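The chain contents come next:
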Amino acid sequence: MDSNSVSPMPELAPIAEFDKSPPSPPNEEVPMDDLPPPPATISGSDTKKMKLQRSRSYESDDHERGACEWCEYALIITLATILLIGVSALTIFWIFYYREGYGWADDQPEKQFNLHPTLMVAGFITFSGFSVLLYRICRCFRRIYVKLLHAIFHALAFPCIVIGFLAVLDFHNKKGITNFYSLHSWIGLVAMGLFGIQYAVGFFSFLLLLICNKGTAGFRASLVPVHAAFGILTFVLGVAACLTGLTEKALFTFGNIWHEIWKQELSTTQYWQMPHEAIIINAIGMSVVAVAVVVLYTVRGTGGYRVRKIAAQHPS
């Protein structure tokens, strides 16, 4: 073959037709760690459990409690219950044993006055104290039941306070005593006014507004801390009114006796030589102080703020 001759070109493969479809992505596997998490799916049973947990009760931290916390909780609740019932029982004993019982007659105004301390202690201390403690005692109850019990205890306290106030007002008018002149009466008026406002606002917002639950949830949630704070303030004012009233009663009852003792210059007379009734009145006063300490400690010191916070988050 001549060296200048050109060798023929090899036969080329036929050219494929132009493919208009987009190129396929490279077959590369993406690591599982880089993938976003799949959307969470909630089954019907889980939804029922969530609704049940929300509507069940003021969620407690029972799973976080140890033996010491449970002992403290049981001790405080038991002590508060004994004191709340005991202070009313001691007041009734004082009236029957030293003050000749109760009555409502024109010829027995003193017996009519005896209704005042008994009913005021029952209304402002016993029933109001239990209504405050319900949010700690009834932790396993549904919130609506706790609210109903709270309203029932306030409904029991309301007539006690009203009748006790009318009893002392009528007693003063019969005896010709000026009304509303002492510190005790001023504190009592403020406490009664706050109690009435609290009861009206609570009944309207937390019971009547439940008819429109979803539409008023935000309003009721914002009202919870205000209602709780003024409830504690009303209870403290009731305690102050009871203490000043007991002091005033002791001065009016035993003032003449003490005056005669000092007038006769019996400087060696000891406190235990005073009438036993004075010791009973002091015991009632100290019981009221103990009730206030235990109730306030139970509400604030053992998680009452958390209960109000949960109630604010879930007002229904």
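Here is what the cut-offs are and how they apply
- Residues numbered from 1 in each chain as written.
- Predicted model: local features only at pLDDT ≥ 70, side-chain atom pairs only at ≥ 80, totals over all residues.
- Heavy atoms only, no water.
- Helix = DSSP H or I, 4+ residues; strand = E, 2+ residues; numbered from the N terminus.
- Buried < 20%, exposed > 50% of the residue type's maximum accessible area, 1.4 Å probe, protein only.
- Areas by Shrake-Rupley, 256 points an atom, 1.4 Å probe, with all protein chains shown as cover.
- Axes fitted to C-alpha atoms, helices over the stretch in contact; angles between N-to-C directions.
- Parallel < 35°, antiparallel > 145°, perpendicular 65-115°, else oblique.
- Left-handed = near helix turned anticlockwise from the far one by under 90°.
- Contact = heavy atoms within 4.5 Å.
- Expected span 1.5 Å × (residues − 1).
- Polar contact = N/O pair within 3.5 Å; in protein donor to acceptor, adjacent residues only side chain to side chain.
- Core = buried A, V, L, I, M, F, W, Y, C linked by side-chain atoms within 4.5 Å.
- Phe/Tyr/Trp six-rings, centres within 6.5 Å; stacked < 30°, edge-to-face > 60°.
- Lys NZ or Arg CZ within 6 Å of the ring centre and 35° of its normal.
- Patch = residues over 30% accessible without salt bridge, like charges linked within 9 Å, V, L, I, M, F, W, Y side chains within 5 Å.
- Salt bridge = Lys/Arg side-chain N within 4 Å of Asp/Glu carboxyl O.
- Disulfide = S-S within 2.5 Å.

> Teacher, can you tell me more about the overall build of the chain here?
When you go through the chain residue by residue, the secondary structure sums to nine helices and zero strands. In the chain, which comprises 316 residues, the proportion classed as buried is 37%. Carbon and sulfur atoms provide 67% of the accessible area of the chain, an area that totals close to 20,100 Å².

> Help me out: how do you make sense of the packing of helix H4 (residues 115-137) against helix H6 (residues 183-206) in this one?
Two elements in contact, H4 and H6, have axes separated by 13 Å at closest approach and are oriented at 45 degrees. As the angle between them shows, H4 and H6 are arranged oblique. As H4 packs across H6, the resulting crossing turns out to be left-handed. Across the interface between the two elements, His116, Met120, Phe124 and Ser128 from H4 touch His184, Ala191, Met192 and Phe195 from H6.

> Just checking my understanding: could you explain H6 for this structure?
Turn by turn, an α-helix covers 3.6 residues, leaving residues three or four places apart pointing in a common direction. A rise of 1.5 Å per residue sets the reference length of H6, with its 24 residues, at 34 Å; its end C-alpha atoms lie 34 Å apart and thus fit the reference within 8%. Taken together, the buried positions of H6 are occupied by His184, Ser185, Ile187, Gly188, Ala191, Met192, Leu194, Phe195, Gln198, Gly202, Ser205 and Phe206.

> Just checking my understanding: could you explain the side chain of Gln112 for this structure?
With respect to the helices and strands, Gln112 occurs in helix H3 (residues 109-113). Since its relative accessible area comes to 0%, Gln112 is described here as buried. Within polar-contact distance, the side chain of Gln112 engages the side chain of Asp170 at 2.7 Å. Excluding anything up to four places from it in sequence, Gln112 contacts Gly103, Trp104, Ala105, Leu166, Ala167, Asp170, Phe171 and Lys174.

> Explain the nonpolar core here, please?
A general tendency of soluble globular proteins is for nonpolar side chains to be buried together. By size, the foremost hydrophobic cluster in this structure holds 33 residues, and its most contacted members are Trp94, Ile125, Val291 and Val295. Among the secondary structure elements, those contributing two or more residues to this core are helix H2 (67-98), H4, helix H5 (143-175), helix H7 (217-263) and helix H8 (276-301). When residues no more than four places from it in sequence are discounted, the contact partners of Trp94 are Arg99, Pro117, Leu246, Lys249, Glu277, Ile280, Ile281 and Ile284. Ile161, Met192, Phe195 and Ala241 belong to the second largest nonpolar core, which has 11 residues in total.

> Before we go on, may I ask you to explain the side chain of His172 in this structure?
One can find His172 in helix H5. According to the relative accessible area criterion, His172 is buried, its value standing at 15%. Those residues in contact with His172 that lie beyond four places of it in its chain are Ile177, Thr178 and Asn179.

> Just checking my understanding: could you explain unusual backbone geometry for this structure?
A positive phi angle, near 70 degrees, is found at Glu100, a position not held by glycine. Note that Glu100 resides in the loop between H2 and H3. Judged by its relative accessible area of 62%, Glu100 is exposed. Its identity as a non-glycine residue notwithstanding, Phe180 has a phi of 55 degrees, on the positive side. Along the chain, the position of Phe180 falls in the loop between H5 and H6. Exposure remark for Phe180: the relative accessible area of 37% places this residue in the partly exposed category.

> Would you mind showing me how to read the packing of aromatic side chains here?
For any pair of aromatic rings, geometry is given as the distance between the ring centres together with the angle between the planes. All told, the structure shown has 11 aromatic pairs when counted by the stated rule. A centroid spacing of 6.4 Å and a plane angle of 90 degrees characterise the contact between Phe93 and Tyr98, whose relative ring orientation is edge-to-face. Judged by its relative accessible area of 38%, Phe93 falls in the partly exposed class. An aromatic cluster of at least three residues, connected via ring pairs, comprises Phe124, Phe158, Phe195 and Tyr199. Here Arg142 stacks its cationic end above the ring of Tyr145, 5.8 Å away from the centre of that ring.

> Just to check I follow, could you spell out the packing of H4 against H5 for this structure?
Between two packed helices, the angle of one axis relative to the other and the distance separating the axes together describe the packing. Contact geometry of H4 with H5 gives a least axis separation of 8 Å together with a crossing angle of 165 degrees. Between H4 and H5, the crossing angle belongs to the class labelled roughly antiparallel. In this structure, the crossing between H4 and H5 has a hand that is left-handed.

> What am I meant to see in H2 here?
Look at H2: 45 Å from first C-alpha to last across 32 residues, which is about the 46 Å you get at 1.5 Å a residue. Every buried residue belonging to H2 is among Tyr73, Ile76, Ile77, Ala80, Leu83, Leu84, Val87, Ser88, Thr91, Trp94 and Ile95, and all of these are buried. Positive backbone phi, at 70 degrees, marks Glu100, one or two positions downstream of H2.

> Just to check I follow, could you spell out a nonpolar patch on the surface for this structure?
A surface patch of nonpolar side chains, about 450 Å² in accessible area, is lined by Trp104, Phe158, Val162, Ile163 and Leu166. If you trace the backbone, Ile163 turns up in helix H5.

> Mind showing me how you'd approach the state of the cysteines here?
This model, assessed by the stated rule, comprises zero disulfides. The thiol sulfur of Cys71 is not disulfide-bonded, and the nearest other cysteine sulfur, from Cys68, lies at 6.5 Å.

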